[in-house]
Amino acid sequence: MQEALAIEATGLEKSYGTLRVLDGVDLEVPRGSVLALLGPNGAGKTTTVRILATLARADAGRARVAGFDVVADRRQVRRHISLTGQYAAVDELQTGEENLRMMGRLAGLPGPAARRRAAELLARFDLTEAGPRPVKTWSGGMRRRLDLAAGLVGDPAVLFLDEPTTGLDLRSRQAVWQVVTGLAGSGVTVFLTTQYLEEADQLADRIVVLDGGRVVADGTPAELKEQVAGQRLDLELADAAAFDQVARRLDGRVVRSDPGRLTIGVATDGSAAQVRALLDEVDPARRAVDRFAVQRATLDDVFLALTGHPADRPDHEHEKEPAGV
Amino acid sequence: MSELTASATHAPRLRVPSRARSALADSATMAGRCLRMARRNLDVALTSLALPVMLMLLFVYLFGGAIQTGTRYVTYVVPGVLLLCAGFGASMTAVSVTTDMTGGIIDRFRSMDVAGASVLAGHVAASVVRNLASTVLVFGVAFLIGFRPSAGPLDWLAAAGVLLLFILAISWLAAAVGLLARSPEAAGGFSFLVMFLPYPSSAFVPIDTMPTWIHGFAANQPVTPVIETLRGLLLGLPVGTSPVRAVAWCLGILVASVAVSGVLFRLRTA
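Below or above, wherever it landed, is the structure these notes cover. (Residues numbered from 1 in each chain as written. Chains lettered and ligands numbered in written order. Predicted model: local features only at pLDDT ≥ 70, side-chain atom pairs only at ≥ 80, totals over all residues. Heavy atoms only, no water.)

**Points about the overall build of chain A**
Within chain A, the secondary structure is distributed over 11 helices and 14 strands. Each principal axis of the C-alpha atoms in chain A carries an extent, and together these give about 80 × 45 × 35 Å. Looking at the 325 residues of chain A, the share that counts as buried comes to 53%. Considering only intrachain contacts with a sequence separation of at least 6, the fraction spanning at least 24 residues in chain A is 68%. For chain A, the accessible area works out to roughly 14,000 Å², and carbon and sulfur atoms hold 47% of it. (Helix = DSSP H or I, 4+ residues; strand = E, 2+ residues; numbered from the N terminus. Buried < 20%, exposed > 50% of the residue type's maximum accessible area, 1.4 Å probe, protein only. Contact = heavy atoms within 4.5 Å. Areas by Shrake-Rupley, 256 points an atom, 1.4 Å probe, with all protein chains shown as cover.)

Shown next as structure tokens:
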């Protein structure tokens, strides 16, 4: 397992019936790095994870994980990975300690070693006290920590985390982030999916943006932010007519828009010359724009610019609504 | 949670053990899991202990007086209650298989290279253990209220073997049903079927007291030869071809259920 790439996928395709979920996905994840696969619901994130974790088979394309082919060497791949899915994969009727010991046994550890490993992980995740109690008495955050601990029992080289913080409160989310950051420092390769731009920004060395089964962007968080010129010019418009007029003039360049508040955001490099030119362009009569502000672009802007729809409207997978208005 | 870094990567890699050996070890781990969970699930634990006792008392004291079987009714009815309890016990297996398949844990097991067969075998093994416990309880209660079998050691052994085979077959059938069901509630419906099947058989009343149109079904359905075999062996009566038919039925159900579960597991996890 001395290869430089922990995960390597080319041309992954997958359909369920007539629904095309993955449409040629290429991925490269260097060993020991954290990759965030970012996208709305239905973008194909979970399907990608399931293919890489050997749980589903791609219709076309190839993938190697930890140096092994996910189809031909499925068992070897499984010995080197762990998957923590969206739904807590621990038994509520078992205690935390029993859950971890069971995972240890299934990972091939002998009884006493499984016991030691369970105690060690409980301590590491701050769960020693709750360890002997059935998991059904635990809080959601504690369960999620146990879930992560269970994924580490077999010392995986590659860790798949499918939306690890969906549905968690802020504190539990931060606890998960801490775990991921700690793991990343230890040489484990982490492949996580998320709908939260902030999460990807915080945790990942690289971000791959997936939309409609295709990779629409790939780069470091900083590189992605540069794709929308790094800054955003927010315009506050005088009235609805002004809003419509400006939106029409900017059309494809709008990175955010809020008709209720009569604001429109557009990408800029932040230079005085460009801001001046933009203002002249959208508002030659100098009546439509009341105020403006220059902001640092967020990943939300990137997402909107790349996919044509905002990240926080995940349920409208096939929505073809243009970015502005 | 501060020193997550330490041992995470460079532990010696686990070698890949032989398929059969790890499947066996995994099945044992899974069976232990199922038994622990069944014990903790208070409703299930109580029901599976109370049911045999209640059924025994119900049949013997409430219905028994009105039923003429030629022997003491408690002696007649014990095999029927055993099968009823086995059916109920197995139906809980269907529910727990569905619960596993519809939750997140099956993906974790699969990503840890636990074979589907091991997951199911664990459920079935736990089901068999639970059913043997309720069998012992049924016999205990039966003895207390006057069950006096006249079986020799070999008869007992043969009866135990047939019962075990029946429990095994119906547990695998339950596992297959558990794979088929889309929700634990739907899987629970299986208990209706298996709890109903002993009634149109010779389990509780002799078949010749039933209307003629049902004789064909009652005499030839799988429960009847199992009942006749158990009753014959326990009471030292001639059993005729019942044991052969009982074993054939059970093996048939067992083989079919194992095969179907294999296919269903692959379909459900594709």
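**As for the overall build of chain B**
Each helix and strand in chain B was counted, giving 11 helices and 0 strands. Ordered by position from N to C terminus, the α and β elements of chain B give α-α-α-α-α-α-α-α-α-α-α. Each of the three principal axes of chain B carries a C-alpha extent, and together these read 75 × 35 × 35 Å. Relative to its 270 residues, chain B shows a buried fraction of 52%. Sequence separation of at least 24 residues holds for 80% of the intrachain contacts in chain B that already meet a minimum separation of 6. As displayed, chain B has an accessible area near 12,000 Å², and 72% of this comes from carbon and sulfur atoms. Positive and negative side-chain charges of chain B, numbering 18 and 10 respectively, have mean locations separated by a distance of 4 Å. (Lys, Arg positive; Asp, Glu negative; His and termini not counted. Charge placed at Lys NZ, Arg CZ, Asp CG, Glu CD.)

**Concerning helix α6 (residues 170–185) of chain A**
Residue and element names in this part refer to chain A. For α6, which comprises 16 residues, the first-to-last C-alpha distance of 23 Å matches the rise-based estimate of 22 Å (1.5 Å per residue) to within 8%. Of the positions making up α6, those classed as buried are S172, R173, A175, V176, W177, V179, V180, G182 and L183. Tucked inside the fold, the buried residues of α6 contact β3 (34–38), α5 (140–152), β7 (158–162), β8 (189–194) and α7 (197–203). The positive-phi residue at the C-terminal boundary of α6 is G187, with phi of around 95 degrees. (Expected span 1.5 Å × (residues − 1).)

**Some remarks on the packing of helix α3 (residues 96–106) of chain A against helix α1 (residues 19–40) of chain B**
The N-to-C vectors of α3 of chain A and α1 of chain B enclose an angle of 165 degrees; their axes lie 9 Å apart at closest approach. Here α3 of chain A lies roughly antiparallel to α1 of chain B, going by the angle between them. Crossing of α3 of chain A over α1 of chain B shows left-handed handedness. Contacts between α3 of chain A and α1 of chain B pair E98, M102, R105 and L106 of chain A from the former with D26, T29, M30, R33, R36 and R40 of chain B from the latter. By residue class, the composition of the contact of α3 of chain A with α1 of chain B is 3 nonpolar, 1 polar and 6 charged. (Axes fitted to C-alpha atoms, helices over the stretch in contact; angles between N-to-C directions. Parallel < 35°, antiparallel > 145°, perpendicular 65-115°, else oblique. Left-handed = near helix turned anticlockwise from the far one by under 90°. Nonpolar A, V, L, I, M, F, W, Y, C, P; charged D, E, K, R; others polar.)

**Concerning the sheet that holds strand β13 (residues 263–268) of chain A**
Residues and elements named next belong to chain A. With antiparallel pairing, the 4 strands of this open sheet are ordered in space as β12-β13-β11-β14. For this open sheet the edge positions go to β12 (254–258) and β14 (289–296), each flanked by a neighbour on one side alone. Sheet twist, expressed as the average angle between the axes of neighbouring strands with direction ignored, equals 20 degrees. Here strand β11 (residues 231–237) pairs with β13 via 6 bridges, running antiparallel. (Pairing = 2+ DSSP bridges.)

**Remarks on the packing of α1 of chain B against helix α5 (residues 116–144) of chain B**
Residues and elements named next belong to chain B. It is at 7 Å that the axes of α1 and α5 come closest, and there the two elements cross at 50 degrees. Classified by the interaxial angle, the pair formed by α1 and α5 is oblique. The interaxial crossing formed by α1 with α5 has right-handed handedness. The segment α1 lies against α5, with A23, D26, S27, M30, A31, R33, C34, L35 and A38 engaging S118, V119, A121, G122, H123, A125, A126, V129 and R130. Per-class residue counts for the contact of α1 with α5 are 11 nonpolar, 4 polar and 3 charged.

**Concerning the interface of chain A and chain B**
Listed by partner, the interface residues are 47 residues for chain A and 36 residues for chain B. Taken together, the two surfaces of chain A and chain B that pack against each other cover about 4,000 Å², and 54% of this comes from carbon and sulfur. Of all residues in chain A, the largest losses of buried area upon contact with chain B belong to R75, L106 and R124 of chain A, amounting jointly to 19% of the total for that side. Taken together, chain A and chain B are joined by 8 salt bridges. Note that R33 of chain B and D91 of chain A form a salt bridge whose closest N and O atoms lie 2.5 Å from each other. Scanning the region where chain A abuts chain B turns up 12 residue pairs in polar contact (both at pLDDT 80 or more). Elements represented by at least two residues in the side of chain A that touches chain B include exactly α2 (74–80), β6 (81–84), α3, α4 (111–124), α5 and α6 of chain A. (Buried area = accessible area lost by both parts, 1.4 Å probe. Salt bridge = Lys/Arg side-chain N within 4 Å of Asp/Glu carboxyl O. Polar contact = N/O pair within 3.5 Å; in protein donor to acceptor, adjacent residues only side chain to side chain.)

**A short note on the pairing of β12 of chain A**
All names here are of chain A. Of the pairings in the sheet, the one linking β12 to β13 comprises 4 bridges and is antiparallel in character. Considered in β13, the bridge of R256 is made with G265. Linking β12 back to β13 in an antiparallel pair, the connection comprises 4 residues, with L262 at a positive phi of about 60 degrees.

**Let's talk about the environment of T47 of chain A**
Residue and element names in this part refer to chain A. Turning to its location among the elements, T47 is positioned in helix α1 (residues 45–52). Given a relative accessible area of 10%, T47 falls into the buried group. Not counting residues within four places of it along the chain, the set of residues in contact with T47 comprises K14, Y16, V21 and L22.

**Some words on the nonpolar core**
In summary, soluble globular proteins display a tendency toward joint burial of nonpolar side chains. In terms of nonpolar packing, the biggest core is built from 117 residues, with L100 of chain A together with M56, V81 and F109 of chain B touching the most fellow members. Considering every element that reaches this core, the biggest residue donor is helix α3 (residues 73–102) of chain B, with 17 residues. With near-sequence residues (within four places) excluded, M56 of chain B lies in contact with V74, V77, V78, V81, V138, V141, A142 and I145 of chain B. (Core = buried A, V, L, I, M, F, W, Y, C linked by side-chain atoms within 4.5 Å.)

**Side note on the pairing of strand β9 (residues 206–211) of chain A**
All names here are of chain A. Most of β9 sits inside the fold, with 5 of its 6 residues counted as buried. Bridge analysis of β9 against strand β10 (residues 214–219) gives 5 bridges, and the strand direction is antiparallel. Looking at the pairing, V208 lines up with D218 of β10. In this structure, the hairpin formed by β9 and β10 is closed by a connection of 2 residues, where G212 is found at a positive phi of approximately 55 degrees.

**A closer look at the side chain of T95 of chain A**
Locating T95 of chain A in the fold gives a position in the loop between β6 and α3. In this structure T95 of chain A touches G131, P132, R133, P134 and V135 of chain A together with R40 of chain B, once residues within four positions along its chain are discounted.

**Section: the packing of aromatic side chains**
A full pass over the atoms with the stated rule returns 9 aromatic pairs over all chains. Sitting over the face of the ring of Y196 of chain A, R173 of chain A holds its NZ or CZ atom 4.1 Å from the ring centroid. Note that R231 of chain B overlies the ring of Y76 of chain B, its terminal NZ or CZ placed 3.5 Å from the centroid. (Phe/Tyr/Trp six-rings, centres within 6.5 Å; stacked < 30°, edge-to-face > 60°. Lys NZ or Arg CZ within 6 Å of the ring centre and 35° of its normal.)

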